[in-house]
Amino acid sequence: MKIADITQLKTSGFLPQPPEVALTLLASSRENEMTLSDIGRFIQANPTLSRCLGQRMNKTPTHSHDITSLSEAIFRVDLTAVKQLAIGISLLEQYQHGSCKGFDYPSFWSHALLMALAMEALGKTTRICTPDELFACGLLARIGCLALATIYPDAYTDILATHKQDPSISLSLLEQQRLQIDHNQLTAAMLIDFDIPMILVESIYYHEAPMESGFSEESHPFQLVRLFHLAKQVADLGLSSESERTERISELLLLGGNIGLDSESFGDFFDQVNVEWQSWGKILNLPIPALPSFHKMMGMLVTSPDNAADASALRVLLVEDEPSSRMLAESVLTKILGHTVFSANDGKQAFSLAMEIMPHIVITDWLMPTMDGLELTKALRAADWGKNVYIIMLTSFEDDEQIAEAFEAGVNDYVTKPIDIRAFRARLRAAWHYRKLQESWERDRAHLKRFAAELAVTNRKLRHAALTDTLTEIPNRRAGMEALAGAWNTASRAGLPIAVMLVDIDFFKKINDTYGHAVGDKILKEVAISIRDNTRKGDTFCRMGGEEFLMVCQNGSKDAQSVCLFAERLRRHIKMKTIVVNETPIRITISIGVAIKEASMTSDDQLVNAADKALYAAKNGGRDRVCLFLDNQLVDCDKWSATLS
Ligand SMILES: Nc1nc2c(ncn2[C@@H]2O[C@H](COP(=O)(O)OP(=O)(O)OP(=O)(O)O)[C@@H](O)[C@H]2O)c(=O)[nH]1
């Protein structure tokens, strides 16, 4: 603890000092020179102090007439407390205004009053000091701020403005940087000067950062520091704006949990202190904001639009074997942050519960019986469904190696115990963002999958459309040429035979002219069906264009005769076919040119050209026939047709 030296400030007259009479009271009580009637006279000369004593006696101002006599009041309140109260109240009366523009004097005292009332109420849980003493100390716990505003009005206005702009920079740090002294050091010096016991001075000195006190957690000073810290948070909540309340309430619940108050009893405590604050405010003529009940504030937070959006989003699995910590974290997570919480006592129970509820976040303690947090993390990560769960480890370890071990096991983040509510909220916010990112990634992935599937279908359709003849729905010229090129390459590589047939409908122009184009189309379709139905396995075919079709034969094309017989069979099939269009039977014939791959041929084009020559020959030979191009010669296949049954 660093106590400011205030000797010079006192003599300079800049330091806020209670009026002379209060100082006399203080000095004479120090020397045990005071009689009860001295104190009585002093109090009677100070109406506000009298009213305050009345209030402290009866708790509610409406009953102030219950005090039978001033002496009774002094006896019942306790002499030391009367003295401390006298100092606090006289300072409050004297410093309602001041020259520091940035310092809100009335709010400072409203805050001090709430802190005093909270300390008094909390004091009932400890027997270290009397509630009266705690009340007076609560009132004076931040007197250093008033002192700095009084001594350095301009500089303090700047300091407060900077702090307001960026509350993350501590007020003490700003004061130290600018004035080489901070309010806690000055408060400590002034309290010592007011004869406040050292245990209280020390507790007040560390009330903003209890962990920095270095007191052991079980010690009396630490219990007091914790109470002053909590009382300050209560007072901060009392003066905070609606938008700041979420964070403050969650922090208060955690702090209340540390001294064994669950959210219900904390709410009752706060409401009772609030009622007293309102009535004290009237006595001391201070501006006291009207606050809703604690439970109402909690309710408003959970249903605020911000929180409601988060609320449905997160399913939290809380794993903690220590019942009070579990209940506390549960209360903050559900009542304040609005998440849905499931709880487990150990890793094993948590793992089977996780399988059931599929949590978005797992918040797990490290040290637990049966299965600890580390083993649970590894088990979750090993399961397919546990890979994307956001895991936060609660730990008392701050050792780098142990933290690294936790990350290696698969945790996403860690929070050190005792839980600091701001850090906890920030970590949960990160988890929430992670969850949102993951959801949008999953949505994108599903979207992409669907898109890829649709694209594949579209591509298939496009390819089919690009390779299919729209009228006859058989492969078109392009598909036929691709198939021919493939067959040619295979045959060439393997030294296998390959043949092509060009099929052309005879006098098709005449059909069009006689029956119309639509009938011509119908005939084309029927021929396409016949060709398809007569194709052997492994053979391919297409419509080359107009009334011409191509067939590529790989099977059964070992020799000219077998190919020509196949062509002849097709020719006969079509010739025998009666196509009925609009009840009119129509008979058609076809001519076919056949060519077989010969050793001299170097490309599939040459093979098709040879078939074309054969087709030309068939047409010239009178149509309705099959011609073969073989060894540079054109052969009429009639001679083989006789062999067909
Ligand atoms: N209905 C219809 N007619 C078509 C189509 N494509 C081409 N044609 C017609 O087919 C006819 C082909 O006539 P030509 O090349 O003179 O042949 P052809 O009348 O069959 O005589 P040859 O082949 O010598 O027996 C033309 O009248 C084209 O208009 C089509 O998709 N539908």
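Going by the annotation in an unreviewed UniProt entry, the name recorded for the chain is diguanylate cyclase, with Nitrosomonas nitrosa given as the source organism. Recorded in UniProt for the chain, the comment headed Catalytic activity (unreviewed entry) runs: "2 GTP = 3',3'-c-di-GMP + 2 diphosphate".

Here the focus is the overall build of the chain. Helices and strands together make up the secondary structure of the chain, namely 29 helices and 13 strands. Within the chain, counting contacts between residues at least 6 apart in sequence, those at least 24 apart form 63% of the total.

Attention now moves to the sheet that holds strand β3 (residues 361–365). Working definition: the strands of a sheet are paired by backbone hydrogen bonds and lie parallel or antiparallel to each other. Strand order in the open sheet formed by five strands is β2-β1-β3-β4-β5, with parallel pairing between adjacent strands. The two strands at the open ends of the sheet, each matched to only one other strand, are β2 (340–344) and β5 (413–416). Here the strands of the sheet are splayed against their neighbours by 20 degrees on average, with no regard to which way each runs. Bridge analysis of strand β1 (residues 315–319) against β2 gives five bridges, and the strand direction is parallel. From the neighbouring strand, Arg315 faces β2, where its bridge partner is Thr340.

Below, the discussion takes up the nonpolar core. In terms of nonpolar packing, the biggest core is built from 117 residues, with Leu113, Ala118, Met119, Ala231 and Val234 touching the most fellow members. By residue number, the principal contributor to this core is helix α7 (residues 105–123), which donates 12 residues. When neighbours within four sequence positions are excluded, Leu113 is seen to be in contact with Leu139, Trp277, Trp280, Gly281, Leu284 and Leu286.

Let us now look at helix α21 (residues 373–382). Taken together, the buried positions of α21 are Gly373, Leu374, Leu376, Thr377 and Leu380. Viewed end-on, α21 has its buried residues packed into an arc of 160 degrees, placing them on one side of the element. In this structure, the buried side of α21 is in contact with β1, α20 (347–357), β3, β4 (390–395) and α22 (400–409).

With that out of the way, let us pick up the site of the ligand. The environment of the ligand is formed by 17 residues, the closest being Asp506, Phe508, Lys509, Gly520 and Gly546. For the shell around the ligand, the secondary structure elements donating two or more residues are β6 (499–505), α25 (508–515) and α26 (517–534). Within the shell around the ligand, the residues separate by chemical class into five nonpolar, four polar and eight charged.

Moving on: the environment of Leu380. Relative to the elements of secondary structure, Leu380 occurs in helix α21. Judged by C-beta crowding, with 26 C-beta atoms within 10 Å, Leu380 ranks as buried. It is 9.9 Å that separates the C-alpha atoms of Leu380 and Ala350, two residues lying 30 residues apart in sequence. Apart from the residues lying within four places of it in its own chain, the contact partners of Leu380 are Ala354, Val362, Gly386, Val389 and Ile391.

Our next topic: the sheet that holds strand β11 (residues 590–596). Pairing is mixed across the open sheet formed by six strands, whose spatial order is β7-β8-β6-β11-β12-β13. Either end of the sheet is taken by a strand with one partner, and the two such strands are β7 (540–545) and β13 (633–636). Across the sheet, the mean angle separating the axes of adjacent strands is 20 degrees when strand polarity is ignored. Here β6 pairs with strand β8 (residues 548–553) via six bridges, running antiparallel.

Where helix α13 (residues 198–205) contacts helix α14 (residues 220–239), the two axes come as close as 8 Å, and the packing angle between them is 50 degrees. The orientation of α13 relative to α14 falls into the category oblique. In the crossing of α13 with α14, the sense of the turn from one axis to the other is right-handed. The segment α13 lies against α14, with Ile199, Leu200, Glu202, Ser203 and Ile204 engaging His220, Pro221, Leu224, Val225 and Phe228. Here the residues of the contact of α13 with α14 sort into seven nonpolar, two polar and one charged.

Rules of the game
Residues numbered from 1 in each chain as written. Predicted model: local features only at pLDDT ≥ 70, side-chain atom pairs only at ≥ 80, totals over all residues. UniProt positions renumbered as here; feature names shortened; annotations may be inferred. Helix = DSSP H or I, 4+ residues; strand = E, 2+ residues; numbered from the N terminus. Contact = placed C-beta atoms within 7 Å. Pairing = 2+ DSSP bridges. Axes fitted to C-alpha atoms, helices over the stretch in contact; angles between N-to-C directions. Core = buried A, V, L, I, M, F, W, Y, C linked by C-beta atoms within 7 Å. Buried ≥ 20, exposed ≤ 12 C-beta atoms within 10 Å, placed from the backbone. Arc of directions from axis to C-beta. Near = placed C-beta within 6 Å. Nonpolar A, V, L, I, M, F, W, Y, C, P; charged D, E, K, R; others polar. Parallel < 35°, antiparallel > 145°, perpendicular 65-115°, else oblique. Left-handed = near helix turned anticlockwise from the far one by under 90°.

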